[in-house]
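The residues making up each chain are set out below.
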Amino acid sequence: MSESPVLYDLSDGVATLTLNRPEVMNALNRAMRADLLAALRRAEGEARVIVLTGAGRGFCSGQDLTDAGDPAAIDFEAMLRDEYEPLLLAIYDSPVPVIAAVNGAAAGAGANLALAADVVIAAEGASFTQAFTRIGLMPDAGGTFWLPRQIGFARAMGAMLFADRVGARQAADWGMIWEAVPDEAFPDHWRARAATLAKGPTGAYRAVKQALRASAANGLAAQLALEARLQAGCGASDDFAEGVTAFLEKRAPRFSGH
Ligand code: T3D
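Remember, it's a predicted structure, so these values are computed and weren't measured experimentally. Numbers given for residues are sequential positions, taken from 1 along each chain in its written order. In keeping with the model being predicted, local features are shown solely for residues with a pLDDT of at least 70 and side-chain atom pairs are shown and tallied solely at 80 or more, while totals for entire chains, interfaces and linings include all residues. The side-chain figures draw on all heavy atoms in the structure; neither hydrogens nor water molecules are used.

(A) Structural context of the environment of L7. As for its placement among the helices and strands, L7 is situated in strand β1 (residues 6-11). L7 sits in the partly exposed class, given a relative accessible area of 31%. Considered as a pair, L7 and G125 are 118 residues apart in the sequence and their alpha carbons are 23 Å apart. We call two residues in contact whenever any of their non-hydrogen atoms come within 4.5 Å of each other. Leaving out residues up to four positions away in the same chain, L7 has contacts with T16, L17, T18 and N20. Only DSSP runs of H or I with at least four residues qualify as helices, and only runs of E with at least two residues qualify as strands; both kinds are numbered from the N terminus onward. Classification of residues uses two cut-offs on accessible area relative to the type maximum, computed with a 1.4 Å probe and protein chains only: under 20% is buried, over 50% is exposed, and between them is partly exposed.

See the structure below:
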């Protein structure tokens, strides 16, 4: 039996989802999309943080260009709506933080899958390429949503028109990702970051995600009202009580995630 296109590991509250088609730089075919969605659903029920990463030397090379048969027969709208959109929304709406640990090339929908995560940590040897126009397509998988917000309109436009490979260091300097880490330090580094979030106040993280996501559409008054409502929830949590107690007792907090 062939190996699953997405490997799943749950350990100490961290669900690690590894895209596992290294021979094609983890290109997304239908089976991988279905497996990834199932893995995300499973993880959000049992993990306190989710990590997406890639097997081998690539993160994800986007749509499997050998998967679709006759390109003229592809129903792009249906495929994006039925297979990509649920994946991207599952990451965006996930109740626990999602880290993309980008170990190598991320291209096309693979780049935008990474950018959908809450935190992107990349090895310095990794890169992000809006490869779509190289094959006569426009960016999809949320790229036209994320990029102008993350790096501004001019850089987003350039990245999409020229389809240049943007190295991890530059991506970090531009604000496209959280951090670029030397290759040799990368595996230990993202694991340490994931462990930190897995031991943190999960409800507060959920509120952070909700508030930041909503800020893209809200005016100030609506955002202030949302903050007040979400903070009321955080204030009623066990984790807030534990955080304050730990502070007063001058010790590290032990957050339960409740
Ligand atoms: O159906 C639709 O098309 C609609 C949806 C579109 C969404 C999209 O994602 S469109 C964009 C699709 N992706 C790309 O255009 C990226 C294509 N790949 C690359 O640009 C490069 O491979 C990478 C930058 C990712 C990595 O470059 P490099 O030099 O490190 O590796 P490589 O030698 O190019 O690739 C290694 C192997 O993976 C190679 O196979 P081989 O020659 O060893 O047998 C290559 O053909 C294969 N591979 C890489 N990307 C894909 C792929 N095979 C299938 N699909 C791929 N996307």
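That was the structure; now back to the text.
(B) Layout of helix α1 (residues 30-46). Multiplying 1.5 Å by the residue count of a helix minus one yields the expected span of that helix. Here α1 spans 25 Å end to end across 17 residues, near enough to the 24 Å set by a 1.5 Å rise per residue. Where α1 is buried, its residues meet β1, β2 (14-19), β3 (49-54), α2 (76-92) and α3 (109-115).

(C) Main features of the sheet that holds β3. Read from one edge to the other, the open sheet built from 6 strands follows the order β1-β2-β3-β5-β7-β10, with strand pairing classed as mixed. Each of the sheet's edge strands pairs with one partner strand only, and the pair in question is β1 and β10 (179-181). Averaged over all pairs of adjacent strands, the angle between their axes in this sheet comes to 20 degrees, without regard to strand direction. Whether two strands pair comes down to DSSP finding at least two bridges between them. One ladder, built from 3 bridges, connects β3 with strand β5 (residues 98-102); its direction is parallel. Each bridged residue has a counterpart across the sheet, and for L52 the counterpart in β5 is A100. Note on geometry: axes are C-alpha line fits, over the in-contact stretch for helices, and angles between N-to-C directions span 0 to 180 degrees.

(D) Up close: the site of the ligand. Residues are counted as near a molecule or strand when any one of their heavy atoms sits within 4 Å of it. Surrounding the ligand, one finds 22 residues, the nearest of these being R57, S61, Q63, L65 and A109. Whenever two N or O atoms come within 3.5 Å, that pair is a polar contact, provided that in protein one can donate a hydrogen and the other can accept it, and provided that, for residues adjacent in sequence, both atoms are side-chain atoms. Contact between the ligand and S61: a nitrogen atom at 2.9 Å from a main-chain N or O atom of the residue. Contact distances for the ligand include 2.9 Å between an oxygen atom and a backbone N or O atom of A109. Note on areas: Shrake-Rupley with a 1.4 Å probe; residue coverage comes only from the protein chains shown. Relative to its unbound accessible area of 1,100 Å², the ligand is 68% covered by the protein chains. Only Asp, Glu, Lys and Arg are considered charged, only Ala, Val, Leu, Ile, Met, Phe, Trp, Tyr, Cys and Pro nonpolar, and every remaining residue, Gly among them, polar. Grouping the constituent residues of the shell around the ligand by class yields 13 nonpolar, 4 polar and 5 charged.

(E) Region of the structure containing the packing of aromatic side chains. Any two rings among Phe, Tyr and Trp, with Trp reduced to its six-membered ring, count as a pair given centres within 6.5 Å; such a pair is stacked if its planes are under 30 degrees apart, edge-to-face if over 60, and tilted if neither. Inspection of every chain in the model, using the stated rule, returns 3 aromatic pairs. Note on Y92 and F145: the rings are 6.3 Å apart at their centroids and 80 degrees apart in plane angle, and the pair reads as edge-to-face. Of this pair, Y92 sits in helix α2 while F145 sits in helix α4 (residues 143-151), and the two are 53 residues apart along the sequence. Its relative accessible area of 18% is what places Y92 among the buried residues. Ring geometry for Y92 versus W146: centroids 5.6 Å apart, planes at 45 degrees, classification tilted. One end of the pair, Y92, is in helix α2; the other, W146, is in helix α4, and 54 residues separate them in sequence. Like Y92, the residue W146 is buried in the burial classification. In this structure an aromatic cluster arises from ring pairing among Y92, F145 and W146.

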